[in-house]
Amino acid sequence: MDGLDMTTLLTLAGVAAGAGVVGGVLAGLLGVGGGIVIVPALYIALSLTDMDPALIMQVAVGTSLATIVFTSLSSGWGHYKKGSIDFSVLKLWAPAILVGVVIGGILGGVVSGYALIAVFTVVALAVAADMILRSPNPEPNPRSFSRPVWAGLGVVAGAISAMMGIGGGTVCVPLLSFLGYDIRKAVGTSAAIGFIIGLPGALIYAATGFGAEGLPPFSLGYVNLFLAAVIIPLSTTFARVGVMIAHAIPRRALRLAFGLFLLATAIRMGSDLVSAF
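Residues numbered from 1 in each chain as written. Predicted model: local features only at pLDDT ≥ 70, side-chain atom pairs only at ≥ 80, totals over all residues. Heavy atoms only, no water.

Engineer: I'd like a description of the environment of A264, backed by residues and values.
Structural biologist: Relative to the helices and strands, A264 is located in helix 10 (residues 251-275). Sequence-wise, A264 and L90 are 174 residues apart; in three dimensions their C-alpha atoms are separated by 29 Å. (Helix = DSSP H or I, 4+ residues; strand = E, 2+ residues; numbered from the N terminus.)

Next comes the structure, spelled out in C-alpha cells:
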C-alpha cells in the first residue's frame, strides 16, 4: 500500500490510543500484557485500510508484541512492589517459554493470518471457560510438576503467546491458578513473563516481515512503529492503574473479569473467521 490519508491515519491513531489505555489497565489487572485487547483492536482498525487481509493479523500481532515489551515492564514492576511475583516459578519457566516464543514467532510470521485468528479464538475460549466455570480453592495450595513437564508447558505457552501476540497471561494465569497458586501471584508472575515473550517475539516478527510488500507506512517488518508509538506511553501508564485495581478487588471478581473479557474477545474474533469462509 502506498500510504494512508489523514482521516484513516487519525482513525488508526484513535483506535491505537484506546487500545493502549484499555490494554494497559488489563495488563496490570490481569497480567496479560495488553495484547489480548490490542491485537483485535489493531486487526479491526487495519481492516479499514486497503491493506491485504492476509497481512493484517501479522501486523497486529507483531505490533502488539512490541508494545508488550514496555507494558510488561511497567506492570511487572508494579506487581513486584506488591510482592506478587513468584521468582521461583519465573526462573523455572523462563528458559522454556523463550524457546516456545522463538518457535511461535517464526510460525506466526509465515503461516496464514486466518490460522493465527483460529489459534487466538480457540485458546481464548478454552481459557475463558476455565476461569468462569471452575471455582478455585479458597486457600491457595501450590502444587507443581516435574521439570520436564514444566518445560513442555513453557514451550507451549511461549509458542501460543507469540502466535497470538499476547504477553503470556492468557495462558499462564489460568495454568498457575489451576496448579493452586494465588490468583494475584499468578497475575503478577505472568506480567513479568510478558517481557520474556514480547522482546524476542517482536524481533522475530520484524525480521520475518522485512521486505514484505503491502505493509502500512512506518513499518519495520510486521511491527508498525507509528501504532506502537501511540500505544506504548498510554499502556505503560495505565498498567499501574490496573495493578492497583488487581490488589483492591476480591480474587473471584478478578477471575470473572479475566474470563468474561476473554469470552467476548474470542466471540468477536471467531465471528470474523467464520465470515471469511
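Engineer: Describe the side chain of T71, listing the residues and the values that go with them.
Structural biologist: One can find T71 in helix 3 (residues 53-81). Residue class for T71 comes out buried when judged on its relative accessible area of 0%. Side chain to side chain, T71 and S235 meet in a polar contact 2.7 Å long. (Buried < 20%, exposed > 50% of the residue type's maximum accessible area, 1.4 Å probe, protein only. Polar contact = N/O pair within 3.5 Å; in protein donor to acceptor, adjacent residues only side chain to side chain.)

Engineer: Any details on the packing of aromatic side chains? Residues and values, ideally.
Structural biologist: Aromatic ring pairs: the centre-centre distance and the angle between the two ring planes describe each pair. The final tally for this structure, using the stated rule, is four aromatic pairs. Judged by centre distance (6.0 Å) and plane angle (80 degrees), the ring pair of Y80 and F87 falls under edge-to-face. Overall, the relative accessible area of 38% leaves F87 in the partly exposed class. Pairing W93 with W150 gives two aromatic rings, centres 5.0 Å apart and planes at 80 degrees, and the pair type is edge-to-face. (Phe/Tyr/Trp six-rings, centres within 6.5 Å; stacked < 30°, edge-to-face > 60°.)

Engineer: An account of the side chain of T49 is requested, with residue identities and associated values reported.
Structural biologist: Mapped onto the secondary structure, T49 falls in the loop between helix 2 (35-46) and helix 3. Side-chain polar atoms of T49 contact the backbone oxygen of L46, separated by 2.7 Å.

Engineer: Quick rundown of the nonpolar core? Include the residues and the values.
Structural biologist: Membership of the largest hydrophobic core comes to 75 residues, with the highest contact counts inside it found for M57, W93 and F120. A total of 10 residues in this core trace back to one element, the largest contributor, which is helix 8 (residues 183-208). W93 has contacts with W150, L153, G154, C172, L175, L176 and I193, leaving out every residue within four places of it along the chain. (Core = buried A, V, L, I, M, F, W, Y, C linked by side-chain atoms within 4.5 Å. Contact = heavy atoms within 4.5 Å.)

Engineer: A description of the packing of helix 4 (residues 87-110) against helix 8 should follow, citing residues and the corresponding values.
Structural biologist: Packing of helix 4 against helix 8 leaves a shortest axis separation of 9 Å and a crossing angle of 30 degrees. In terms of axis orientation, helix 4 runs roughly parallel to helix 8. Here helix 4 and helix 8 pass one another in a crossing that is right-handed. (Axes fitted to C-alpha atoms, helices over the stretch in contact; angles between N-to-C directions. Parallel < 35°, antiparallel > 145°, perpendicular 65-115°, else oblique. Left-handed = near helix turned anticlockwise from the far one by under 90°.)

Engineer: Explain helix 4 to me, and be specific about the residues and the numbers.
Structural biologist: The end-to-end C-alpha separation of helix 4 is 34 Å, in line with the 34 Å expected for 24 residues at 1.5 Å each. The sharpest bend along helix 4 comes to roughly 40 degrees, located at W93, with the proline P95 sitting one to four residues further on. Taken as a whole, helix 4 has its buried residues at V89, L90, W93, A94, A96, I97, G100, V101, G104, G105, G108 and G109. Here the buried face of helix 4 lies against helix 3, helix 5 (113-133), helix 6 (147-164), helix 7 (169-178) and helix 8. (Expected span 1.5 Å × (residues − 1). Bend = angle between axes of the 7 residues up to and from the residue.)

Engineer: Before we move on, can you summarise unusual backbone geometry with the specific residues and values?
Structural biologist: Its identity as a non-glycine residue notwithstanding, F218 has a phi of 65 degrees, on the positive side. Structurally, F218 is set in the loop between helix 8 and strand 1 (219-220). Accessibility expressed as a relative area gives 54% for F218, which makes it exposed.

Engineer: Quick one: what's the story with the packing of helix 1 (residues 6-30) against helix 2, residue by residue and with numbers?
Structural biologist: One can describe the packing of helix 1 onto helix 2 by two numbers: an axis separation of 9 Å at closest approach and a directional angle of 170 degrees. It follows from the interaxial angle that helix 1 and helix 2 lie roughly antiparallel. Between helix 1 and helix 2, the residues in contact are L12, V15, A16, A19, V22, G23 and L26 and V37, I38, A41, L42, A45 and L46, respectively. When grouped by side-chain class, the residues that make up the contact of helix 1 with helix 2 number 12 nonpolar, one polar and no charged. (Nonpolar A, V, L, I, M, F, W, Y, C, P; charged D, E, K, R; others polar.)

Engineer: Explain the environment of V155 to me, and be specific about the residues and the numbers.
Structural biologist: Tracing the backbone shows V155 in helix 6. C-alpha separation for the pair V155 and V21, spaced 134 residues apart in sequence, amounts to 30 Å.

Engineer: Please give an account of the environment of G105 that cites residues and values.
Structural biologist: For G105, the location among the structural elements is in helix 4. When its relative accessible area of 0% is taken as the criterion, G105 is described as buried. Measuring from C-alpha to C-alpha, the distance between G105 and A115 comes to 13 Å, with 10 residues separating the pair along the chain.

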